[in-house]
Amino acid sequence: MKGDKMAADNDEPITDQEKVRIVTNFILHSPPGEFNEVFNDVRVLLNNDSLLKEGASSAFSQYNKDQLTPVKIQGSEYKALITEHNDLGGGRFFDDRSRQSFKYDHLKKEASDYQSWTPDSTTEQWRSAIESELTTYTMSHYKNGVCSVFGKIHQGGSTVTACIEDHQFQPNNYWNGRWRSQWCITLPQGSASIELRGILKVQVHYYEDGNVQLVSSKDVKENLTSTSPAELAKEFVRQVETAESEYQCAISENYQTMSDTTFKALRRQLPVTRAKIDWNKIVSYSVGKELRSQ
Amino acid sequence: MTDQQMDCALDLMRRLPPQQIEKNLSDLIDLVPSLCEDLLSSVDQPLKIARDRDMGKDYLLCDYNRDGDSYRSPWSNTYDPPLEDGSMPSERLRKLEIDANHAFDQYREMYFEGGVSSVYLWDLDHGFAGVILIKKAGDGSKKIKGCWDSIHVVEVQEKTSGRSAHYKLTSTAMLWLQTNKPGSGTMNLGGSLTRQVENDASVSEASPHIANIGRMVEEMENKIRNTLNEIYFGKTKDIVNGLRSVQPLANQQQQDALRQDLALALLRRQAKGETN
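The structure displayed is predicted, hence computed values, not measured ones. (Residues numbered from 1 in each chain as written. Chains lettered and ligands numbered in written order. Predicted model: local features only at pLDDT ≥ 70, side-chain atom pairs only at ≥ 80, totals over all residues. Heavy atoms only, no water.)

Caption draft 1: Structural detail: the interface of chain B and chain A. Contact with chain B, which involves 103 residues of that partner, is made by 94 residues of chain A. Both sides of the chain B and chain A interface together cover about 8,900 Å² of buried area, and 61% of this is carbon and sulfur. Sorting the residues of chain B by area buried against chain A places B:R15, B:L243 and B:R244 first, and these three jointly supply 10% of that buried surface. Summed over the shared surface of chain B and chain A, the number is seven salt bridges. Linking chain B with chain A are 45 residue pairs in polar contact (both at pLDDT 80 or more), by the criterion used here. Here the side of chain B that touches chain A takes 23 residues from helix 5 (residues 209-243) of chain B, the largest share from any one element. (Contact = heavy atoms within 4.5 Å. Buried area = accessible area lost by both parts, 1.4 Å probe. Salt bridge = Lys/Arg side-chain N within 4 Å of Asp/Glu carboxyl O. Polar contact = N/O pair within 3.5 Å; in protein donor to acceptor, adjacent residues only side chain to side chain. Helix = DSSP H or I, 4+ residues; strand = E, 2+ residues; numbered from the N terminus.)

Caption draft 2: Focus on the confidence of the model for chain B. With 99% of its residues at a pLDDT of 70 or more, chain B has an overall mean of 94. Across the interface, the model reports ipTM at 0.92; the global pTM reads 0.92. (pLDDT = per-residue confidence, 0-100.)

Caption draft 3: A look at the sheet that holds strand 9 (residues 164-181) of chain B. With antiparallel pairing, the 10 strands of this open sheet are ordered in space as 7(A)-8(A)-9(A)-10(A)-11(A)-10(B)-9(B)-8(B)-7(B)-6(B). Single-partner strands in this sheet number two, and they are strand 7 (146-154) of chain A together with strand 6 (116-124) of chain B. The average angle at which neighbouring strand axes cross in this sheet is 10°, direction not considered. With eight bridges connecting them, strand 11 (residues 210-224) of chain A and strand 10 (residues 185-202) of chain B associate as antiparallel partners. In the sheet register, A:S217 faces strand 10 of chain B, and the bridge partner there is B:T186. (Pairing = 2+ DSSP bridges. Axes fitted to C-alpha atoms, helices over the stretch in contact; angles between N-to-C directions.)

Caption draft 4: Fine view of the packing of helix 1 (residues 2-15) of chain B against helix 2 (residues 21-31) of chain B. Residue and element names in this part refer to chain B. At their nearest, the axes of helix 1 and helix 2 sit 11 Å apart, and the two run at 160° to each other. As summarised for this structure, helix 1 and helix 2 are arranged roughly antiparallel, according to the angle between their axes. Judged by the sense of rotation from one axis to the other, the crossing of helix 1 with helix 2 is right-handed. Across the interface between the two elements, A9, L12 and M13 from helix 1 touch I21, N24, L25 and L28 from helix 2. (Parallel < 35°, antiparallel > 145°, perpendicular 65-115°, else oblique. Left-handed = near helix turned anticlockwise from the far one by under 90°.)

Caption draft 5: Inspection of unusual backbone geometry at higher detail. Along the chain, B:D80 connects to B:P81 via a cis peptide bond; the corresponding omega equals -5°. Along the chain, B:P81 falls in the loop between strand 5 (79-80) and helix 4 (91-112). Positive phi outside glycine occurs at A:R274, with the angle close to 65°. Its place among the elements puts A:R274 in the loop between helix 5 (229-266) and helix 6 (279-292). Relative accessible area serves as the criterion here: at 72%, A:R274 is assigned to the exposed category. In this structure, B:K143 takes a positive phi of about 60° despite not being glycine. Looking at the element boundaries, B:K143 is found in the loop between strand 7 (127-137) and strand 8 (144-158). (Buried < 20%, exposed > 50% of the residue type's maximum accessible area, 1.4 Å probe, protein only.)

Caption draft 6: Main features of the side chain of A:T123. Residues and elements named next belong to chain A. Note on placement: T123 falls in the loop between strand 6 (110-116) and helix 4 (124-141). Classification of T123 by relative accessible area gives buried; the value is 0%. A distance of 2.6 Å separates a polar atom in the side chain of T123 from a polar atom in the side chain of D120. In this structure, T123 is in contact with G151, K152, S158, T159, V160 and L187, ignoring residues within four places of it in sequence.

Caption draft 7: Up close: the packing of helix 5 of chain A against helix 5 of chain B. Contact pair helix 5 of chain A / helix 5 of chain B: the axes reach a minimum separation of 10 Å and the direction vectors enclose 175°. Taken together, the axes of helix 5 of chain A and helix 5 of chain B lie roughly antiparallel to each other. Between helix 5 of chain A and helix 5 of chain B, the contacting residues are A:Q248, A:S252, A:Y255, A:Q256, A:M258, A:S259, A:F263 and A:K264 on the first element and B:R225, B:L228, B:N229, B:Y232, B:F233, B:T236, B:K237, B:V240 and B:N241 on the second. Here the residues of the contact of helix 5 of chain A with helix 5 of chain B are counted per class, giving seven nonpolar, seven polar and three charged. (Nonpolar A, V, L, I, M, F, W, Y, C, P; charged D, E, K, R; others polar.)

Caption draft 8: Summary view of the domain arrangement of chain A. Residues and elements named next belong to chain A. Under the domain assignment, chain A is made up of domain 1 (14-66), domain 2 (68-118) and domain 3 (121-266). Across the contact, six residues belong to domain 1 and 11 residues belong to domain 2. With both chains or domains summed, domain 1 and domain 2 bury close to 750 Å², and 52% of this area falls on carbon and sulfur atoms. A salt bridge links D87 to K65; the nearest nitrogen and oxygen atoms lie 2.6 Å apart. Applying the counting rule to domain 1 against domain 2 returns seven residue pairs in polar contact (both at pLDDT 80 or more). Grouping the amino acids of the side of domain 1 that touches domain 2 by side-chain chemistry returns two nonpolar, two polar and two charged. (Domains from an automatic or database assignment.)

Laid out in structure tokens, this is it:
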């Protein structure tokens, strides 16, 4: 509302820095499959291409990584994913599966300039075992799903991170949707059990004569006890499957409850009389009320 | 240039998550201040409630009962905070506005069994226009927060004879549902649908404006309610279940193949039966 306090109080135009913040925020919130449309809208509204390029290009890269964007890469029958976990900086990403790194164009959404890449050796046997099981799982539950598994060594220890992405874009039918899961384990020193952490996200946008969105996410924590890479990989994927199915079923159940109880309680289909309103009665009652109150 | 900017602004509001409408609208206005008035009058926002302390009744806030930073109550017909010369409906229109508020108060009770409604009218050259607002919040049972907002804008062009009028209705229904549960995490399903309809109707004592408008609003809201039900709990759910299959896909393919075989076998049997 105009009455509410806003940055542009008393008609003072906001700074370029503020504009960049706003534009970046809009871009980062583009629904799946609609980055180009949001980008074009924002470009026209900002009306300053150099400011856009200089201030908001990091948003293009951030958006693609947030969305776990799939990318076709040469020399592999499997797509790779653009994520924060395989970001090498300077616009380059690595794909452990195909042992390549590549340059990624965030606007064209294309890979190029391939170089050979060696996955981290400490984690490789775990990473590749998980990748193999997870790929089978992904093909089995996601029609066009893509999964990527990354092994990394850093200060806290070594981690294996698995990402799964699938989407359906149907702009001609005014809807788009995307599923994202990220699962991570830290390889233990010793025989302690391994904590498996997952973040599951679903977003759906329907926009025929309106704007309806489902935004959902869930955090998961499980424990893995296997000790060999082969066993761990199987246990990893079993837990992933259980958790993801549980989440999906819980979403469906919620839909049912929302429809049967919450929605019905907000507005009836018809009044208790089970017939539409007799407006003549309503109006004459109002007029009567008005006369009586004089 | 501004037309194109307005189109882009509206397109943007159709794509950004509706869960942040207010912030998005505020940011948009900061970005392009010249679009402020147009945006405020064309982008629907969830309705806010204010209290008319004199009359002891709640009323709803929107751009149509706003003047500067004040809002006019449909019950006391005064501005809060008070304004010396806030814009007011004409005397004739105020009478109609009072009747309309009473009529839609009853409509609201019959369909919503609670909630708040408000009607604001303003004069046009050859008729008048109005907005009918309804807000109903759920009681939070089943750990689900729900809210419904209706915004019906009607334009009435009175024919010179005064015996008929042309009505144009633009209706937006907003539906907001949020839950935070262990199984499904946070689930936020929200947004709005908008529809338009136009009608001619005769105006008489038996069929006054309020009755004509009321019938249109009722029919429209019933239609939108059905569509909301289909889209929210049908379409978006189907989209989610199309992203991932709980059953292994191979099972689904096997089932599909089996179904096809059965269908073919049935056709063959039927064909055989017909030739006997």
